[in-house]
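Geometric and topological summary
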There are 4 protein chains.
Amino acid sequence: MKIRYGMVGGGENSFIGSVHRQAAALDGEYELVCGAFASDAVRSQHSGLSLGLSAERSYADFTTMVQQEALLPADQRMQCVVIVTPNHLHLPAAKLALQHGFHVLSDKPATFDLAECRALAEIVRKTGLLYGLTHPYVAYPMVQQARTLVAQGRLGTVHKIVVEYIQGWLSSPLENSGHKQASWRVDPARAGNSCCMGDIGVHAFNLAEFVSGLEVTQLRGELNRIVAGRQLDDDGVVSMHFNNNARGVLLASQISTGEENNIRLRIYGEKAGLDWQQMEPNSLWLRPNNQPAELFRTGTAYVGEAARWHTRVPAGHPEGYIEAFANIYRAFAGQIRAHASGHNPVQQAPGIKEALRGMAFIETVVDSASRDGWLPFPAV
Amino acid sequence: MKIRYGMVGGGENSFIGSVHRQAAALDGEYELVCGAFASDAVRSQHSGLSLGLSAERSYADFTTMVQQEALLPADQRMQCVVIVTPNHLHLPAAKLALQHGFHVLSDKPATFDLAECRALAEIVRKTGLLYGLTHPYVAYPMVQQARTLVAQGRLGTVHKIVVEYIQGWLSSPLENSGHKQASWRVDPARAGNSCCMGDIGVHAFNLAEFVSGLEVTQLRGELNRIVAGRQLDDDGVVSMHFNNNARGVLLASQISTGEENNIRLRIYGEKAGLDWQQMEPNSLWLRPNNQPAELFRTGTAYVGEAARWHTRVPAGHPEGYIEAFANIYRAFAGQIRAHASGHNPVQQAPGIKEALRGMAFIETVVDSASRDGWLPFPAV
Amino acid sequence: MKIRYGMVGGGENSFIGSVHRQAAALDGEYELVCGAFASDAVRSQHSGLSLGLSAERSYADFTTMVQQEALLPADQRMQCVVIVTPNHLHLPAAKLALQHGFHVLSDKPATFDLAECRALAEIVRKTGLLYGLTHPYVAYPMVQQARTLVAQGRLGTVHKIVVEYIQGWLSSPLENSGHKQASWRVDPARAGNSCCMGDIGVHAFNLAEFVSGLEVTQLRGELNRIVAGRQLDDDGVVSMHFNNNARGVLLASQISTGEENNIRLRIYGEKAGLDWQQMEPNSLWLRPNNQPAELFRTGTAYVGEAARWHTRVPAGHPEGYIEAFANIYRAFAGQIRAHASGHNPVQQAPGIKEALRGMAFIETVVDSASRDGWLPFPAV
Amino acid sequence: MKIRYGMVGGGENSFIGSVHRQAAALDGEYELVCGAFASDAVRSQHSGLSLGLSAERSYADFTTMVQQEALLPADQRMQCVVIVTPNHLHLPAAKLALQHGFHVLSDKPATFDLAECRALAEIVRKTGLLYGLTHPYVAYPMVQQARTLVAQGRLGTVHKIVVEYIQGWLSSPLENSGHKQASWRVDPARAGNSCCMGDIGVHAFNLAEFVSGLEVTQLRGELNRIVAGRQLDDDGVVSMHFNNNARGVLLASQISTGEENNIRLRIYGEKAGLDWQQMEPNSLWLRPNNQPAELFRTGTAYVGEAARWHTRVPAGHPEGYIEAFANIYRAFAGQIRAHASGHNPVQQAPGIKEALRGMAFIETVVDSASRDGWLPFPAV
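Report follows, based on the coordinates.

**A short note on the sheet that holds strand S1 (residues 3-9) of chain B**
Residue and element names in this part refer to chain B. Spatial strand order, S2-S1-S3-S4-S5: five strands in an open sheet with parallel pairing. Each edge of the open sheet is held by one strand with a lone partner, namely strand S2 (30-36) and strand S5 (131-133). Direction aside, neighbouring strands of the sheet carry axes that sit 25 degrees apart on average. Relative to strand S3 (residues 80-84), S1 is paired through five bridges, and the arrangement is parallel.

**Here we look at the interface of chain A and chain C**
Contact with chain A, which involves 30 residues of that partner, is made by 30 residues of chain C. For the side of chain A that touches chain C, the secondary-structure elements that each account for two or more residues are strand S6 (158-166), strand S7 (216-224), strand S8 (235-242), strand S9 (247-253), strand S10 (262-269), strand S11 (272-277) and strand S12 (283-288) of chain A. With four residues, the single largest contributor to the side of chain A that touches chain C is S9(A).

**Comments concerning the environment of Leu207(C)**
Residue and element names in this part refer to chain C. Structurally, Leu207 is set in helix H9 (residues 196-212). Along the primary structure Leu207 and Arg190 are separated by 17 residues, whereas in three dimensions their C-alpha atoms are 25 Å apart. Not counting chain neighbours up to four residues away, the residues in contact with Leu207 comprise Tyr137, Val138, Val143, Val163 and Leu265.

**Observations concerning the interface of chain D and chain A**
Across the boundary between the two partners, chain D contributes nine residues, which contact nine residues of chain A. Per-class residue counts for the side of chain D that touches chain A are six nonpolar, two polar and one charged. Across three bridges, the pairing between strand S13 (residues 293-297) of chain A and strand S13 (residues 293-297) of chain D is antiparallel. What sits directly across from Glu294(A), in S13(D), is Glu294(D).

**Details of H9(C)**
All names here are of chain C. For H9, built from 17 residues, the straight-helix expectation of 24 Å at 1.5 Å per residue is met to within 8% by its first-to-last C-alpha distance of 23 Å. With respect to burial, H9 is a largely interior element, 17 of its 17 residues being buried. Gly213 lies just past H9 and shows a positive phi near 70 degrees.

**A short note on the packing of helix H9 (residues 196-212) of chain B against helix H12 (residues 352-371) of chain B**
All names here are of chain B. With their axes 9 Å apart at the nearest point, H9 and H12 run at an angle of 120 degrees to one another. Of the possible angle classes, the one that applies to H9 and H12 is oblique. As H9 runs across H12, the sense of the crossing is right-handed. Contacts between H9 and H12 pair Met197, Gly198, Gly201, Val202, Phe205, Asn206 and Glu209 from the former with Glu354, Arg357, Gly358, Phe361, Ile362 and Val365 from the latter. Class assignment of the residues belonging to the contact of H9 with H12 gives a composition of six nonpolar, four polar and three charged.

**Things to note about the relation of the copies chain A and chain C**
Expressed as a screw operation, the relation of chain A to chain C combines 0.0 Å of axial shift with a rotation of 180 degrees, fitting to an RMSD of 0.0 Å. Within this description, the copies of the chain are treated as partners about a two-fold rotation axis. Among all C-alpha atoms of chain A, that of Gly373(A) lies closest to the rotation axis, at 4.0 Å. Comparing interface residues between copies, 100% of those in chain A also sit at the interface in chain C, which points to an isologous, same-surface contact.

Calculation criteria
- Residues numbered from 1 in each chain as written.
- Chains lettered and ligands numbered in written order.
- Predicted model: local features only at pLDDT ≥ 70, side-chain atom pairs only at ≥ 80, totals over all residues.
- Pairing = 2+ DSSP bridges.
- Helix = DSSP H or I, 4+ residues; strand = E, 2+ residues; numbered from the N terminus.
- Axes fitted to C-alpha atoms, helices over the stretch in contact; angles between N-to-C directions.
- Contact = placed C-beta atoms within 7 Å.
- Nonpolar A, V, L, I, M, F, W, Y, C, P; charged D, E, K, R; others polar.
- Expected span 1.5 Å × (residues − 1).
- Buried ≥ 20, exposed ≤ 12 C-beta atoms within 10 Å, placed from the backbone.
- Parallel < 35°, antiparallel > 145°, perpendicular 65-115°, else oblique.
- Left-handed = near helix turned anticlockwise from the far one by under 90°.
- Least-squares fit on C-alpha atoms with pLDDT ≥ 70 in both.

Okay, structure coming up:
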C-alpha cells in the first residue's frame, strides 16, 4: 500500500514542489492524493487538476484541506502533509496538520524563527506524530559513507571542519524584476531574518554536524549584503567551535557569480581528511596522512551499510539530487510504516532535532553578526 | 491518466527491472498494472505481489499475460509492454505483444540477432504500433546538447570520433560462481553471438551515431576473450568509417579492472572538439581551436531546447542515470499519447531504426572480427 | 653575461635553498658564485664545495661573505644576495647586503616583524638598490592571466574574494621529533609572531591583492593552535574588506591532514567569477553569469601578454612550481640589467611594497586575533 | 665539474632546443660549450652568440663542430652532443659525434628509419660510448611509480593496455602557411615515412612498454590522412599483442581539434587498473578491484625509490614537463660520470634499445597499415 500524501504549496512553476513529487514517486512508496498548492484558490485547483487530482481534493487552501481530509475514511485520507511553502507558512501548516493527526514532512528551514520551532517541537512531542525535514544533501550515499568513516575512526579526532554552500544566482537583484524564487527569499516578512543563511547556510550547518557527529557549541557570524538594496544577507561566513573543541568555518554565498550549487564539506582529523562535493556527489575522498588518498564511490561493494541503503544502481551509474531527495522520502515512508506497526524504522529522515538546531543556527548567526562577537549555541 | 504498462522479466534481484520501474515512476506518467517477471511462475507471482500487483495480474508467463490482458476492458488493460529479459526472449515477447495490440518498450540489444530484428521491424511496420528501445545514455541532457552543438555547426565538419564504453566487472570469471547477471551475458544461447559488443559496445555505437548525426558505412572489429574459458568476447575495438568520410574508433571492454561504467564520447571537427563522459554526465566540453574551452552544464539558461526538455532541476543539482532513463520513458509516454490522439510527439525515444542499426553493428563487428577485415555496414 | 649571486642559508637538506638554485639555473641567467649556507661554518663550507664553489667563496658566515665579496673586482664579485634563512635573519642579512652595494632577493616573509620591514624599506630607499621577494605563486602563467582578466573588466566590479592556503604537514607535532623545517616555523624566536599566517597565509594574501588589483583596508583574524603545545598559530581564518568595498575570506591551515599545498583563489564579480588552484596551475576558470564557463590554459595562443611572458612551453606541457619560481628570478634578472643600464624592466618581481603589505598583514591578523575584533590595515 | 655539451640544431625559435637547454640547466649538471644550431652558418652563429657562446664555438655546421671540438684539450672540449634537428639529420650527426669520441643524447625518433637505427646501434656498440634518447614522458615521477606498481605485482597479470597521444595542432594545414614545426613533420624527406606515429605515436609506444615491462610481439596499424593533401599520416590507431598475451590499443592523433598534448596510459591487470595522464602528471590512479581507488602523488613519502629519484620538490608543488625532461638529462649525466669512473649509473636514460624498438614500431605500423593486416614486431 502506498502512503497517501497531500501537499501544501508547490504548485505549477514551483521548482521545489516538483522535486518533492518526483522524490515521492521514484520508489513507488507514495501517492499524491490531495493538495493546496497555492495561496490563490483558483491557481491551487488548476495545479491539482494538472497533477491528476480530482477537483474536490484540489483544495482552495490548506485549512480546508486538513479539515476535509480529516473527515475522510481512514483508508482514503492522506497520511502525511508535505509542506513546500515560503518559510512564514511552515509553522501554521505543520501545526494544523499535526493537530488533525497527520504526519508532516517539511521543507527547510523548519519555521520562521526559533521560537516558532520550539512551539512546533512541543506540538510534535504532544501529538506523538512524525515530523521530517528535507535536508536532502545528507541523503547522498557518499555523505552517508562519510559519516560512517568518521564514526569508524578513520579520521581520528576531528580537528577542523570547512563547509561551504556557494551559489551565484542572486548576484544581481532578480527580485526587482519579479523573479518569484528570489522575491520571497529576500523578503523578511516571508523568509525570516536571513536570506543566505536561512536558505542555504542551514544546509551546510546540518551537513557538517551530520557527518562529523559533532555539535556546534559557539559561533560567530558575519553577514554581508552585497547587492545594493537588500535587507537580508546574501553572503556570509561563520566561525564555529564544536563540542570536541574542533574548529570550523562555514561559507555561504548566493552572490558568487558563476557558481551553481556548490556544496562542499571538508573534515580534517588527526589521521585523515575527507572531502565531498555535491556537484560530483558519487565520489568521496579520504586522505590519510602519508598514504595515497582513497576515492570511495557510490554503488561499490566496499561501502558501508548506510551508503548501500541510500543507493539504487551499481557503481558508475550516477545518482543525483532527486535520488538523494527520494532517500529522505523513502526513510520517512519507513518511519510512517514503523509508526503504524510499532516497530523501529531502519532509517530516520532528519527530524525535529535537526529543525531546532537549524533554526538555532540561523538565529544565532544573525544575532552574532549584529553584535559582531561570539555567541553560545542555544540549548534546544 | 497514467499509462498502464506490464513488464516481462525484471523480477526481484534484477538490476535493470528495478531501474525501468523507477524510470517509469519518476514523472508520474506510468502505472505498473501487470507483469510476468520471471521464467518461473512462482517467482513471477512473488515478484508481482511484492510490487503491489494483484495475484491475478502477476502472471505465470508472458504468453498468458498478453492473452489475458488483451481480454480486459480497454481502459483497464495494459497499454504497453516493457521487456527486460535476457536477449533471446526479446523477439518472442515483443512479437506477441505487438500482435495483440500492445506498444513495446524494450531493453537493448533489440533482439538475438539481426535477422530477428528485421522480422521485428516488419511486425512493427505492419501493426503500426510503437516500438521504443532503452538506450538511456542518449537521453542525458548534455548528450542532447552535444547533438545540438554538432547540428549547429559548432564543430564544423566532423573528422574523428572516439567512443569508449569501459567496465571492469567481468575481469574475473564471475559466471563460474553463479553470478546471474554475468551468466547469461557470456552464454551464446541467451546473449547472442557477442557479450561485450552486444551488451555495451552497442550503446557506444548508438551514442556516436546519435550525437554526430552520422552513420557508419564500414567497420573492422577486433574481439578479445581475455578471461579464459569464455566463448564470447569480453573486450574489443572497432574501427569505423562514417558517411561523411570521418574516421572513428570504438573501444569496449568488460575486463578493465577498476572501471565502473566509463562511457566517453569525443568528437573532433575542423573547428572544435567535444568531450562527454557518462560518469560526470552534467558536464560537456566544447574545445574550439585556439580559444578557451567551454563547459556546458545541465540546467543552465544557455543550453538548447533539447537539453532543456531532458532536464528536471536547476544547474548544480546533479541529474543521474535514472533521470536519463526516465527521459526515455517520458518521451515514449508522449509518443503513446500522440499515437492515440493522432498528433506528432515532441520527442522520440530510440526506436526500430536504432534497433536495426544496433543489431547490424553487433553482427558486423562479429563477422568482421572472425574474418579479420573490413566489412560494409549492412543496409537496414 | 650571467648575473652572479651569493646565497645566505639554503645549505644541504634545505628544501627552499635547492628550489632557489634550480629557479636561478633554469633560464641560464644566473651563476652561483658564493654562499654562507649555514649558521655553522663547517657545514656552510661543506655545502659550498658540494655545490661546486671554491673553498674561499664558501664563507663561514654572511658577514664575512658580504665583506669579502665587496673587496672583489666589480666583474667578479656577486651582484645580488639571495636570502633563504629562517625569518629572524632576513633583516640583518638584507641590511648588510644592501649597505655593501648588493641587490637583495629574499624569501618571504620579508622580515621578523613589521617594524623591521619599515626599517628595511628605508634602507632600500636610501641605497637605491633592488629588493625582490619570492612570492612564486603570482608568477604562474594562469595567475598572471587571472590578473589580466580582472584588469580587462571581465568580472566587472569585484564583490567577493575567497582565498585558501591549506596544508596538512603540521597536523602532528613534527617539531618534537627534530624535524628541521617544522622546528623553526613554530618557534617565536625564529619565525616571528605567527607560524601559519607568516608562513603561508601571507602568500594567500599576496595572491588575492595581486590578482584583484585591490587592497585590504580592514580585517579580522582568528588564529587557532590546533596541535597541543604550540605557541604559534597553525590554522586560522581572516575576514577582509577591500578598498572597493568587496568582502573577502582567507583560510590558512597547516593541520588539515591529507592536504598537500592547496592554494586556491576565487574572485567573484558582478559579471563573472574566476577560480584558480595551484595544484593544477595551468588551468584557470572564468565563469560568466549565464554562459558556459571558459577554461584558460597555459601556453595557448589566446592568453594575454603577461601570461605569455611567464610561459616556457606550448600548451599541454605542464609548467610547475619551479618554473613559477624561476619567473621571479627571470623578472629580477631583468630588473638588475635594467638597473645597470638605466632602462625600465619589462617585468617586476614582488618587491618592497609587497614586503611591507605582507608584514602588515601578518601583524594585523595577529593583533586582531588577540583582540577578537576588526582592525584597520596599517598604511605602509 | 659540470658536463660540457654541444648542441646540433635547436637554434633561436626552436621549441625543442630551448627545452633541452632548460632541462640541461635545471640541476646545474651541464654547461653548454658549443653548438651548430642551424643549417645556415650565419643563423647558427647568431644563435650561439645570443646563448652566450663565443664566436669560435658557434660553429657553422656540425661536421666542423665535431672536428674542431675533437682538437681541443680534453678538459675543454665538449663531452657529449645533443641532437635536436629534424629526423633525417639524426643519424649523420650521431654517427659523426660517436666516431669522434663524443657521447650522444638525441631527440626522438632516433633515426630516419629502422635500417639507419640498426647502423647506429652498431656504431654505439663498437665505440662503447653512451647513447641517450629523450623520451621525457617516462621520466615523470608518477610514470616511474606506475612502473614500480606493475613490477610490485599490484596489478597482477596485465590483460589490457590502452595508450593515447592526442593533439589537435595539425587539424588545419599549417604547413601551407610556412609553419616551421609543421612543415618538416609532414615532409617525407625530413620526417621519414610517418608524421603522427613517428612524432608522437612512438612516445606512446615507449610509455606503454616502459610502464608495463612488456614488449609488443605483433601489431596492426591503421593510418589516416585526415587533412587533405598530406602525404603522411596525421592520425592513426594500432592494435597490439604483448609478450604475455595481453592486448593493447594505441591511439595517436594530431588532428583532434582542441586537444593540447593529451597523453594517457591505462593498464588493466587481473587485480587492478592504473591510469596516468600527462596533463596532470603528478597524479597516478591505482584502481583495485572492489576497493577504493588510490591516488598516488608526486613528492609524497609513500612512493617508491624510482619516483623519489625523479622528484625535486615536496608534494603539492607541481612538477612539469621541463622537470621530466631534466630527469633524462640528470640520468644521462650520471651515466657519463659512471662511464668515466667505471661505475654503474644509478639511473638509465632511454637508450639504444628504446631507439631500436621505437624505429621498429614506426616502421611496422606503416607497413602493417599499407598491407591492412597484422605483422610480427621485428627482432631488434
